[in-house]
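Each chain is listed here by its residues.
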Amino acid sequence: MGELRLMKGNEVLAEAAIRCGCDAYFGYPITPQSEVMETLMEQRPWDTTGMVVLQAESEVASINMVYGAAAAGKKAMTSSSSPGISLMAEGISYIAGAELPCLIVNVQRGGPGLGTIQPSQADYFQAVKGGGHGDYRLITLAPASVQEMHDFVKLAFDLAFKYRNPAMILTDGALGQMMEKVELADYTPRRTKEEILDQCGSWATTGKTSGREKHVITSLEMDSHKMEQNNLRFQEKFKEIEATEVRYEAIRCEDAELILVAFGTSSRICQKAIELAREKGIKVGLIRPITLYPFPSAIIAELAPKVKGFLSVEMSAGQMVEDVKLAVYEARCTTPVKHFGRMGGILPSPNEVVDALETKF
Amino acid sequence: MTEELIIAGFGGQGVLSMGKILAYSGIMDNKEVTWFPSYGPEMRGGTANVTVIVSDKRISSPVLHEFDTAIILNQQSMDKFENSVKPGGVLLYDPNGIIHPPTRTDIQVYKVEGTVTAVEMGNPRVFNMIIVGGYLKVRPIVSLEHVEKGLEKSLPSRYHNLIPLNLEAIRKGQEIVEKVN
């Protein structure tokens, strides 16, 4: 058993990065995620593992530093909160276009604009549908506990390198600021130069040796036919991700007549709502998407003909609800899909979720 | 056993660290814990509160709107959280600065003269540990042995010489807590 500690979600993101052999973190402070870089600066991993930690002059600079480090085959990451992620959108699209692995963490706060510093989930569309321009996807993981904030750092890097695609941890200010018991992984050393050559030698800019073809990292292609071929290759990759990497948790769905769909902090609130609703005799279960992209459509399609309805509970005006509706539609069902949410940094209470179940169905 | 607790008072009273010590004590007792603070503008000079849940089972929502126990350390928090205690639950408060004492009769109300006693003990900073003592007398969710281990874990080692004083303050709080209704 690893070391047990009581830690904030933000602190554990930093600790997990060091422990999984991350090579570089570039970031710029913003509430409610500043503890990520603060923890890294306190831990001084450059003295131990050799990991680079750098406070850049802006979010735009941070993401482009990540781009550069990723091009060299390094495990690079950044973290920010909603407005900062918007600033990074261009860089994220370039990284996806150049097919590079990296980790971006979004500890969401209420928007739009500068919004508020309280927790929100209103960047779902931005994470899973775009944010930046062009036909790309982010592998998007949604932790629901401080333990998962820890575990998903390694998982996100593994998936990013497996598919040469940026991965995002989409979390929120509540998970970033709250403390829970967490079991820390043992230290994995950073990869050696030989290991990087072995894993990324076919594409990374690791220093050209004589006889080796030159590696060009770019998202630019002036020949539109070649650019279409690139896009077709990306789409093949996304199909494989959708077929292979869906992760979700099903809670008390066996006898459920109504299904809540919720991720992250909302999914925790929904678990309390299930306890309260079942005391009232409402048979309700929960599908908790762990990967938001790829979205767990299949399980929703499987449940659609068996249940009376789905309630998507989100800290937003209703974004994931569209993906729930698509899954039900593709199952050729007419099962009602409703949404309940609070916005602007307000957390829904478990009682409000029960009320929504009672009034909407 | 699941205890859903809110601690609320002024920033600087040690509200968040009381919660942290209780949460760490829970971990030492092999329990599941969550610690969810208010953060943001209200933390910078105004009221502060933290929700702590200690349970034998996996904890669902870290965010709650009603509580088994409320520890109230100023009037603003009394106004805000008196009605959030579940019927049959516990409200424990320090009467210092409380102009309108709690009026509910469907809950158990206790008071701990933490501020006054801390001054008597010669160290106002042990105030929050006196309150923790009063709370643990009423709701013994963790043993003193686990609290001692929790203090060791949550305090930086340069403060470990203060652990005996903190434990003394907890014992003092256990002695002076009194039921009001």
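The structure displayed is predicted, hence computed values, not measured ones.

Remarks on the nonpolar core
If you look at the biggest cluster of nonpolar residues, it comprises 163 residues, and the most contacted ones within it are A:A17, A:V66, A:C102, A:L103, A:A156 and A:L260. Not counting chain neighbours up to four residues away, the residues in contact with A:V66 comprise A:F26, A:A76, A:M77, A:T78 and A:C102.

A closer look at the interface of chain A and chain B
With 20 residues of chain A in contact, the opposing surface of chain B contributes 17 residues. Taken together, the elements giving at least two residues each to the side of chain A that touches chain B come down to strand 1 (3-8), helix 8 (173-177), strand 8 (179-184), helix 11 (264-279) and helix 14 (350-360) of chain A. It is helix 11 of chain A that provides the largest number of residues to the side of chain A that touches chain B, a total of five residues. For the side of chain A that touches chain B, the per-class residue count stands at 10 nonpolar, five polar and five charged. In terms of strand pairing, strand 8 of chain A meets strand 2 (residues 32-37) of chain B through two bridges, oriented antiparallel. Counterpart to A:M179 in the pairing with strand 2 of chain B is B:W35.

Some details on the domain arrangement of chain A
Residue and element names in this part refer to chain A. If you check the domain split of chain A, you get domain 1 (3-184) and domain 2 (249-360). Once you take the C-alpha centre of each, domain 1 and domain 2 turn out to be 26 Å apart. The interface of domain 1 with domain 2 comprises 26 residues on the first partner and 21 residues on the second. Among the secondary structure elements, those contributing two or more residues to the side of domain 1 that touches domain 2 are helix 6 (124-129), strand 6 (139-141), strand 7 (166-172) and helix 8. Broken down by element, the residue count for the side of domain 1 that touches domain 2 peaks at four residues, all from helix 6. Taken together, the residues of the side of domain 1 that touches domain 2 sort by class into 15 nonpolar, eight polar and three charged.

As for the pairing of strand 7 of chain A
Residue and element names in this part refer to chain A. By the criterion of burial, strand 7 is predominantly enclosed, with seven of the seven residues buried. Of the two faces of strand 7, the one carrying P166, M168, L170 and D172 and the one carrying A167, I169 and T171 are both buried. Note that strand 5 (residues 102-108) and strand 7 share seven bridges and pair parallel. Pairing of N106 across the sheet is with L170, part of strand 7. Two elements, strand 6 and strand 7, share three bridges in a ladder whose sense is parallel. Bridging from a neighbouring strand, L141 pairs with I169 of strand 7. Read as a crossover between parallel neighbours, the route from strand 6 over helix 7 (residues 146-163) to strand 7 is right-handed.

Brief notes about helix 1 (residues 9-19) of chain A
Residue and element names in this part refer to chain A. Taken across its 11 residues, helix 1 has 11 buried, putting it largely inside the fold. Buried within helix 1 are the following residues: G9, N10, E11, V12, L13, A14, E15, A16, A17, I18 and R19. Looking one or two residues beyond helix 1, the residue adopting positive phi is G21, at roughly 85°.

Let's talk about unusual backbone geometry
Residue and element names in this part refer to chain A. Following T31, the chain continues to P32 via a peptide bond in cis, the omega torsion being 5°. Tracing the backbone through its elements, the reader meets P32 in the loop between strand 2 (24-27) and helix 2 (35-43). For the bond running from G111 to P112, omega is 0°, close enough to zero to count as cis. Along the chain, the position of P112 falls in the loop between strand 5 and helix 6. For E99, which is not a glycine, the phi torsion comes out positive at approximately 55°. Mapped onto the secondary structure, E99 falls in the loop between helix 5 (82-97) and strand 5. A positive phi angle is found at R164, which is not glycine, with a value near 45°.

Examining the environment of A:A14
Residue and element names in this part refer to chain A. By secondary structure assignment, the location of A14 is in helix 1. The sequence separation of A14 and T39 amounts to 25 residues, and the corresponding C-alpha distance is 6.2 Å. A14 has contacts with V36, T39, L40 and Q43, leaving out every residue within four places of it along the chain.

Let's talk about the packing of helix 4 (residues 127-138) of chain B against helix 6 (residues 163-176) of chain B
Residues and elements named next belong to chain B. The geometry of helix 4 relative to helix 6 is characterised by a closest axis approach of 6 Å and an angle of 50° between their N-to-C directions. As summarised for this structure, helix 4 and helix 6 are arranged oblique, according to the angle between their axes. Every pair of crossing elements has a handedness; the one defined by helix 4 and helix 6 is right-handed. Between helix 4 and helix 6, the contacting residues are M129, I130, I131, V132, G133, G134, L136 and K137 on the first element and N166, A169, I170, R171, K172, G173, Q174 and I176 on the second. Here the residues of the contact of helix 4 with helix 6 are counted per class, giving eight nonpolar, five polar and three charged.

What counts, and at which threshold
- Within each chain, residue numbers correspond to sequence positions counted from 1 in written order.
- Working convention: letters from A go to chains and numbers from 1 go to ligands, in the order in which they are written.
- Per-residue local features of the predicted model are confined to residues with pLDDT of at least 70, and side-chain atom pairs are confined, for both listing and counting, to 80 or more; whole-chain, interface and lining totals are unaffected and use all residues.
- The nonpolar core is taken to be a set of buried Ala, Val, Leu, Ile, Met, Phe, Trp, Tyr and Cys residues joined by way of C-beta atoms within 7 Å.
- Residue burial here comes from a neighbour count, namely the number of other C-beta atoms, placed from the backbone, that lie within 10 Å of the residue's own C-beta, with 20 or more meaning buried, 12 or fewer meaning exposed, and in between meaning partly exposed.
- Distance between backbone-placed C-beta atoms decides contact: two residues are in contact if it is within 7 Å.
- By the criteria applied, helices consist of DSSP H or I runs no shorter than four residues and strands consist of E runs no shorter than two, each listed in order from the N terminus.
- Throughout, the ten residues Ala, Val, Leu, Ile, Met, Phe, Trp, Tyr, Cys and Pro are labelled nonpolar, Asp, Glu, Lys and Arg are labelled charged, and all others, Gly among them, are labelled polar.
- A strand pair is defined by DSSP finding two or more bridges across the two strands.
- What counts as a domain boundary in this text is fixed by an automatic or database domain assignment.
- For a crossover, the right-handed case is the one in which the path from the first strand over the helix to the second runs clockwise, viewed with the strands pointing away from the viewer.
- Here, axes are lines fitted to C-alpha atoms. For helices the fit covers the stretch in contact, and angles between N-to-C directions go from 0 to 180 degrees.
- Angles below 35 degrees are treated as roughly parallel, those above 145 as roughly antiparallel, those between 65 and 115 as roughly perpendicular, and all remaining angles as oblique.
- In this scheme, a crossing is called left-handed if the near helix is turned counterclockwise away from the far one by less than a right angle; it is called right-handed if the turn is clockwise.

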